[in-house]
Amino acid sequence: MSADAQKRAVAEAALRYVSRGEILGVGTGSTVNHFIRALADLREDIPGAVSSSEASSALLEEAGIPVVSLNEVNGIAVYVDGADEANNHLQLIKGGGGALTREKIIAAASRQFVCIADESKLVGALGGFPLPVEVIPMARSYVARELIKLGGRPVYRQGVITDNGNVILDVHELTINEPIRLEQQINNIAGVVCNGLFAMRPADTLLLGTAEGVRTIQR
């Protein structure tokens, strides 16, 4: 089974976690795009979705699913999103698509977080994928120097502006032995909006596409 076929399989498997009649949270990325297309068959049962990016919002509207603001709802039943890396504790690295801040906000506001990914995303230790950090533009150089002190090699993602109007530093060569501690340390750097470690609020369920089919991992 190809990686794209694995993505389609987990996207379809995630449909069973959708709570009919409740607001849904929807993330960003190639695997989530498959999920949004699959959601079209359930559009009559979904009153609205909170989206983590303008790109996902456009796809949801094409599928006939109303996009609502998080400020308009009391909470989200289920949030479905992908990951760039996941460990066995369902702690994640996210943000390859640049939507990490909105993704983290929606995850925090959701009762259940379902992560969908192909088998290449499951790793023994986080950090092989560069850690995205969203930064206020004027603080980019300062934040980069602070990230070097933490052992990383930050690289400015040139030409990319987030939906929030900020820039992204991708931090290579980080040793992530304590994901929660590192997430807190980076968030405490002045000028950092958010970082792509989802350790304090990990996924509750990981649907992993494999050559043998969809594997379910629960936290």
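Look up: the structure comes first, before these words.
Keep in mind that this is a model prediction, so the values were computed, not measured.

Participant: So what about the overall build of the protein chain? Which residues, and what values?
Facilitator: Within the protein chain, the secondary structure is distributed over six helices and 13 strands. Relative to a compact globule of 219 residues, whose C-alpha radius of gyration would be 17 Å, the protein chain shows 17 Å and is just as compact. Projected onto its principal axes, the C-alpha positions of the protein chain cover 50 × 40 × 30 Å. Here the protein chain holds 219 residues, and 55% of them are scored as buried. In the protein chain, the share of contacts with a sequence separation of at least 24, taken over all contacts with a separation of at least 6, comes to 70%. Element-wise, carbon and sulfur atoms account for 47% of the exposed surface of the protein chain, whose accessible area totals about 9,700 Å². Of the side chains in the protein chain, 20 bear a positive and 25 a negative charge, and the two mean positions are spaced by 4 Å.

Participant: Give me a nonpolar patch on the surface: which residues, what numbers.
Facilitator: On the surface, Ile136, Met138 and Val193 cluster together into a nonpolar patch covering about 310 Å² of accessible area. One can find Ile136 in the loop between β7 (131–135) and α5 (140–149).

Participant: Residue-level account of the packing of aromatic side chains, with values.
Facilitator: Summed over all chains, the structure comprises two aromatic pairs. Centroid distance Tyr79 to Phe113: 5.1 Å. Interplanar angle 35 degrees. Geometry classified as tilted. Note that Tyr79 is positioned in strand β3 (residues 76–81) and Phe113 in strand β6 (residues 110–118), a separation of 34 residues in sequence. When sorted by exposure, Tyr79 lands in the same class as Phe113, which is buried.

Participant: Pulling in residues and values, what's your account of helix α3 (residues 54–62)?
Facilitator: Where α3 is concerned, the buried positions are Ser56, Ser57 and Leu60. Here the buried residues of α3 occupy an arc of 105 degrees about the axis, which is enough to place them on one side. Residues of α3 that are exposed and point over 90 degrees away from its buried face: Ala55, Glu61 and Glu62. In this fold, the buried residues of α3 make contact with β1 (24–26), α2 (30–39) and β2 (49–51). In the segment just after α3, Gly64 is the residue with positive phi, at about 85 degrees.

Participant: Explain the side chain of Lys7 to me, using residue names and the numbers behind them.
Facilitator: Within the secondary structure, Lys7 is located in helix α1 (residues 3–13). Within the buried core, Lys7 has no salt-bridge partner, and the shortest N-O distance to an opposite charge, that of Asp118, equals 4.5 Å. Beyond its immediate chain neighbours, meaning those up to four positions away, Lys7 contacts Ser30, Thr31, His34 and Asp118.

Participant: So what's going on with the pairing of strand β12 (residues 205–210)? Which residues, and what values?
Facilitator: Where burial is concerned, most of β12 is hidden: six out of the six residues are buried. Judged by which residues are buried, β12 turns out to be covered on both faces: Thr205, Leu207 and Gly209 on one side and Leu206, Leu208 and Thr210 on the other are all buried. Here five bridges tie β6 to β12, and the two strands are oriented parallel to one another. Paired with Val114 across the bridge in β12 is Thr205. Between β12 and strand β13 (residues 213–218), which pair antiparallel and follow one another directly, the connecting turn spans two residues.

Participant: Break down unusual backbone geometry for me, citing the residues and quoting the values.
Facilitator: Despite not being glycine, Leu90 shows a phi value in the positive range, around 65 degrees. Among the secondary structure elements, Leu90 is positioned in the loop between β4 (85–86) and β5 (92–93). You will see that Glu173, though not glycine, has its phi angle at about 65 degrees, which is positive. Tracing the backbone through its elements, the reader meets Glu173 in the loop between β9 (167–172) and α6 (179–187).

Criteria and cut-off values
Residues numbered from 1 in each chain as written. Predicted model: local features only at pLDDT ≥ 70, side-chain atom pairs only at ≥ 80, totals over all residues. Heavy atoms only, no water. Helix = DSSP H or I, 4+ residues; strand = E, 2+ residues; numbered from the N terminus. Rg over C-alpha atoms; globule rule 2.2 N^0.38 Å. Buried < 20%, exposed > 50% of the residue type's maximum accessible area, 1.4 Å probe, protein only. Contact = heavy atoms within 4.5 Å. Areas by Shrake-Rupley, 256 points an atom, 1.4 Å probe, with all protein chains shown as cover. Lys, Arg positive; Asp, Glu negative; His and termini not counted. Charge placed at Lys NZ, Arg CZ, Asp CG, Glu CD. Patch = residues over 30% accessible without salt bridge, like charges linked within 9 Å, V, L, I, M, F, W, Y side chains within 5 Å. Salt bridge = Lys/Arg side-chain N within 4 Å of Asp/Glu carboxyl O. Phe/Tyr/Trp six-rings, centres within 6.5 Å; stacked < 30°, edge-to-face > 60°. Arc of directions from axis to C-beta. Pairing = 2+ DSSP bridges.

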